[in-house]
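Remarks on the overall topology
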Amino acid sequence: MSAELKLSDFKSELGVYWNERETDSKIDRYIAEGKSALCNYAGVDNIKFNSGSVEGSLLMAYVNYAWNKQSEYFEENYKSNLINLRLKYQGEAYAEKEN
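Overview of the structure.

About the thresholds
- Residues numbered from 1 in each chain as written.
- Predicted model: local features only at pLDDT ≥ 70, side-chain atom pairs only at ≥ 80, totals over all residues.
- Heavy atoms only, no water.
- Core = buried A, V, L, I, M, F, W, Y, C linked by side-chain atoms within 4.5 Å.
- Buried < 20%, exposed > 50% of the residue type's maximum accessible area, 1.4 Å probe, protein only.
- Helix = DSSP H or I, 4+ residues; strand = E, 2+ residues; numbered from the N terminus.
- Contact = heavy atoms within 4.5 Å.

On to the nonpolar core, then. Phe 10, Ile 27, Leu 38, Leu 59, Val 63 and Phe 74 are the most contacted members of the largest nonpolar core, which totals 24 residues. Among the secondary structure elements, those contributing two or more residues to this core are helix 1 (7-14), helix 2 (21-42), helix 3 (54-67) and helix 5 (79-98). Those residues in contact with Val 63, other than ones at most four positions away along the chain, are Phe 10, Leu 14, Ile 27, Tyr 30 and Ile 31.

Printed below as a string of structure tokens:
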């Protein structure tokens, strides 16, 4: 099982190799926004964003878009991934309800 993504994973992906409280806060805010948006797209309250998972990759992409001030294009460019995410979680919810 993969570990949940950490701030250092995002900083590495973004090419941020310095330690500065303001920068870390900004990235943390983008992570929180991305988690909220992806949970909303999936129609669930909580998702595990692990390294190497589809969910983790989508979160990493969202943060990259936000960092580059392009977050308005994320949904458009990842529409099929977001639909698949929604289908996955809605399918799991339906299966749980049936059992």
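What follows concerns the side chain of Glu 55. Turning to its location among the elements, Glu 55 is positioned in helix 3. Residue Glu 55 is classed as buried on the basis of its relative accessible area of 5%. The contact partners of Glu 55, leaving out residues within four places of it in the chain, are Leu 38, Ile 47, Lys 48, Phe 49, Leu 85, Lys 88 and Tyr 89.

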